Amino acid sequence: MVCIGAGEQPVVAMFNVSMIGHVNPTFPLVMELVGRGCKVHYFLPPNEDIRSAARDAGAFVEAYLEDDPQDFVLEHCGVDRMIPDLPEEEQQLWRGAVWPLASTL
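An account of the accompanying structure is given in this report. (Residues numbered from 1 in each chain as written. Predicted model: local features only at pLDDT ≥ 70, side-chain atom pairs only at ≥ 80, totals over all residues. Heavy atoms only, no water.)

Okay, the packing of aromatic side chains next. For the structure on display, the rule yields two aromatic pairs. A centroid spacing of 4.7 Å and a plane angle of 10° characterise the contact between Phe15 and Phe43, whose relative ring orientation is stacked. Highlighted residues: Phe15 in strand β1 (residues 11-15) and Phe43 in strand β2 (residues 39-43), separated in sequence by 28 residues. Exposure remark for Phe15: the relative accessible area of 45% places this residue in the partly exposed category. Aromatic side chains Phe27 and Tyr42 sit 6.5 Å apart centroid to centroid with 65° between the ring planes, which places their arrangement in the edge-to-face category. With Phe27 in helix α2 (residues 27-35) and Tyr42 in strand β2, this residue pair connects regions lying 15 residues apart in the sequence. An identical accessibility class is assigned to Phe27 and Tyr42; each is buried. (Phe/Tyr/Trp six-rings, centres within 6.5 Å; stacked < 30°, edge-to-face > 60°. Helix = DSSP H or I, 4+ residues; strand = E, 2+ residues; numbered from the N terminus. Buried < 20%, exposed > 50% of the residue type's maximum accessible area, 1.4 Å probe, protein only.)

The next subject is the nonpolar core. Generally speaking, nonpolar side chains in soluble globular proteins are found buried as a group. Core analysis: the largest hydrophobic core is formed by 14 residues, its most contacted members being Val30, Tyr42 and Ala54. When residues of this core are traced back to their parent elements, those giving at least two are α2, β2 and α3 (48-56). Per-element accounting of this core gives the leading share, three residues, to α2. Filtering out sequence-adjacent residues up to four positions away, Val30 remains in contact with Met14, Val40, Tyr42, Ala57, Gly58 and Ala59. (Core = buried A, V, L, I, M, F, W, Y, C linked by side-chain atoms within 4.5 Å. Contact = heavy atoms within 4.5 Å.)

By the bridge criterion, five bridges tie β1 to β2 in an arrangement that is parallel. Paired with Val12 across the strands is Val40, a residue of β2. As paired elements, β2 and strand β3 (residues 60-62) share three bridges and run parallel to each other. Counted as the bridge partner of Tyr42 is Val61 from β3. (Pairing = 2+ DSSP bridges.)

Geometry only, nothing functional implied.
And the structure:
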């Protein structure tokens, strides 16, 4: 249970992929949370149709990355931020782990 002080607005973060079948079912939840007084931040890839629908549901739309590149590829998210001097065999493990983790969204 999360304790919220008097007058404080609960904040919820949601993350999703740019696939309508994954995003559409979440909009009723966003609307319910907003209706109950929560501030919902929805992190989405750069797809304006989906982002617009999230805004219409009441969410504050956020980008995955600060500069919000239009050529964003979820499969590459995190791969370019490897630890310097990581041994080659561990780099392969890193690359193999990032996409399966991201694809669970």
